[in-house]
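Next come the chains, spelled out residue by residue.
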Protein chains: 2
Amino acid sequence: MAASPVAPASFETGAARPPQDEVSRVPHRGAKADFRWEGVEMRPYKEDERALYKTITRQVLFSDPDMAGELRYFEVAPGGFSALERHQHMHAVLILRGRGHCLVGDEVKRLETRDLVTVPPMTWHQFRATADEPLGFLCMVDAQRDRPQLPTAEDVARLEQDPQIAGFLSGKPRA
Amino acid sequence: MAASPVAPASFETGAARPPQDEVSRVPHRGAKADFRWEGVEMRPYKEDERALYKTITRQVLFSDPDMAGELRYFEVAPGGFSALERHQHMHAVLILRGRGHCLVGDEVKRLETRDLVTVPPMTWHQFRATADEPLGFLCMVDAQRDRPQLPTAEDVARLEQDPQIAGFLSGKPRA
């Protein structure tokens, strides 16, 4: 496989268990303003030095040793994007806030609030917010999952052979 | 355990695999009006003859042989409620639409849009919509899970010893 030879710097990976696990069985956690939640830590905006992702936050809403899945909320700031990556585990995404575009495999799709996105195993994918509002989405994954792979320069060059994908990757998506 | 001796008639159970599994890897499924989705079948409103649940619909948003979790959308009509039940598997719930109340164990909680509810293993739970609008919620579960247990008359009598729970169960929740 044409996986990146270096350890992936995906935004998604990090501590195996987020800090809020201790309270994950609190029966009720209220929603707060601006898509925050009681008892849920927000991993702050951070720019990747290699520009693999831009201005995206993560909140782990559900993660429990007795659940096989996890549910996270990611929010991409206006003009931001998630990492272009692939992995064996799947992503099941529901857009909770705003609009944007996604790349899944060789398809670029326009996203509206509440749309559903399925990322099959080992499929390149990326999410991009529109310029004027945040793009927030729920993402269900297996609790046990592999680490993301980042594209090599060759992978990116191959993807960019498709003009629509090239436009998406350069921040000018059309779908 | 004081489980119901009869096979549970939970709304939740049914076909092991919903019909939309064939298309579950469609990368993008658009949101439609009124909390419906392209390519997602809605199990219609149905009243249980024993009044175990009332006017609730189910849509399976994500279910895939390669995912350990499933994500479903339930919608309770105004004044309706889900089954009072318990089971070994957990529920991870995010309120997507409207308001209402829930019972989780011995706690009655008021629910607002985007609130989070965690139902631990073998914990009695029920969701109720307000009288004036639907209550819609996402529910993540393990794909492999046990069947719900319904309460016996003794279970209900024990729950009703708590005035707040009795009010909730009779459709007059206070939280």
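What counts, and at which threshold
Residues numbered from 1 in each chain as written. Chains lettered and ligands numbered in written order. Predicted model: local features only at pLDDT ≥ 70, side-chain atom pairs only at ≥ 80, totals over all residues. Heavy atoms only, no water. Helix = DSSP H or I, 4+ residues; strand = E, 2+ residues; numbered from the N terminus. Contact = heavy atoms within 4.5 Å. Buried < 20%, exposed > 50% of the residue type's maximum accessible area, 1.4 Å probe, protein only. Pairing = 2+ DSSP bridges. Buried area = accessible area lost by both parts, 1.4 Å probe. Salt bridge = Lys/Arg side-chain N within 4 Å of Asp/Glu carboxyl O. Polar contact = N/O pair within 3.5 Å; in protein donor to acceptor, adjacent residues only side chain to side chain. Nonpolar A, V, L, I, M, F, W, Y, C, P; charged D, E, K, R; others polar. Least-squares fit on C-alpha atoms with pLDDT ≥ 70 in both. pLDDT = per-residue confidence, 0-100.

Draft legend 1. Focus on the environment of Ala68 of chain A. For Ala68 of chain A, the location among the structural elements is in the loop between β5 (54-62) and β6 (69-81). Expressed as a C-alpha distance, the spacing of Ala68 of chain A and Asp142 of chain A, which sit 74 residues apart in the sequence, is 5.9 Å. With residues up to four places along the chain from it excluded, the contact list for Ala68 of chain A reads Val141, Asp142 and Ala143 of chain A together with Ala68 and Asp142 of chain B.

Draft legend 2. Fine view of the pairing of strand β8 (residues 100-104) of chain B. All names here are of chain B. For β8, the buried fraction is high: 5 of the 5 residues fall into the buried class. Along β8, one buried face is formed by Gly100, Cys102 and Val104 and the opposite face, lined by His101 and Leu103, is buried too. Count of turn residues in the β8/strand β9 (residues 107-111) antiparallel hairpin: 2 residues, of which Gly105 carries a positive phi of about 65 degrees. Two elements, β8 and strand β11 (residues 125-129), share 5 bridges in a ladder whose sense is antiparallel. Considered in β11, the bridge of Leu103 is made with Gln126.

Draft legend 3. Summary view of the interface of chain A and chain B. Facing the 43 residues of chain A at the interface are 43 residues of chain B. Both faces considered, chain A and chain B share a buried interface measuring about 3700 Å² in area, 70% of it formed by carbon and sulfur atoms. Counting the contacts that link chain A with chain B gives 0 salt bridges. Across the chain A-chain B interface, the total number found is 14 residue pairs in polar contact (both at pLDDT 80 or more). Only β1 (28-29), β2 (31-32), β5, β6, β7 (91-97), β9 (107-111), β10 (116-119) and β12 (135-142) of chain A provide two or more residues apiece to the side of chain A that touches chain B. The residue inventory of the side of chain A that touches chain B, partitioned by class, reads 25 nonpolar, 6 polar and 12 charged. In this sheet, strand β10 (residues 116-119) of chain B lies alongside β1 of chain A in antiparallel orientation, the contact comprising 2 bridges. When the sheet's bridge partners are listed, Arg29 of chain A is paired in β10 of chain B with Leu116 of chain B.

Draft legend 4. A look at the relation of the copies chain A and chain B. For the pair chain A and chain B, the superposition axis carries a translation of 0.0 Å, the fit reaches an RMSD of 0.0 Å, and the rotation angle comes to 180 degrees. Viewed as a symmetry operation, the transformation between the two copies matches a two-fold axis. In terms of C-alpha distance to the rotation axis, chain A has Gly69 of chain A as its closest residue, with the C-alpha 2.4 Å off the axis.

Draft legend 5. Structural context of the confidence of the model for chain A. Residues and elements named next belong to chain A. Summing up the model confidence of chain A, the mean pLDDT is 86 and the portion of residues at 70 or higher is 80%. A low-confidence stretch, residues 18-23 (pLDDT under 50), is modelled with 9 contacts involving residues beyond four sequence positions or located in other chains. For this predicted complex, the interface confidence score (ipTM) comes to 0.87, while the overall pTM stands at 0.87.

Draft legend 6. Seen up close, unusual backbone geometry. In this structure, Asp34 of chain A is a non-glycine residue whose phi angle is positive, near 60 degrees. Within the secondary structure layout, Asp34 of chain A lies in the loop between β2 and β3 (36-37).

Draft legend 7. Highlighting the pattern of salt bridges. All names here are of chain A. Within this structure, the stated rule accounts for 18 salt bridges over all chains. A salt bridge links Asp132 to Arg99; the shortest N-O distance between them is 3.7 Å. On the criterion of sequence distance, the pair formed by Asp132 in the loop between β11 (125-129) and β12 and Arg99 in the loop between β7 and β8 (100-104) is long-range, its members being 33 residues apart. Given a relative accessible area of 27%, Arg99 falls into the partly exposed group. Residues joined in a network through salt bridges with shared partners are Arg25, Asp64 and Asp66.

Draft legend 8. Spotlight on the pairing of β5 of chain A. All names here are of chain A. Among the 9 residues in β5, 8 count as buried, and that is most of the element. In this structure, strand β4 (residues 42-43) lies alongside β5, joined through 2 bridges in antiparallel fashion. Looking at the pairing, Arg43 lines up with Arg58 of β5. Bridge count for β5 against β6 is 7 bridges, and the pairing is antiparallel.

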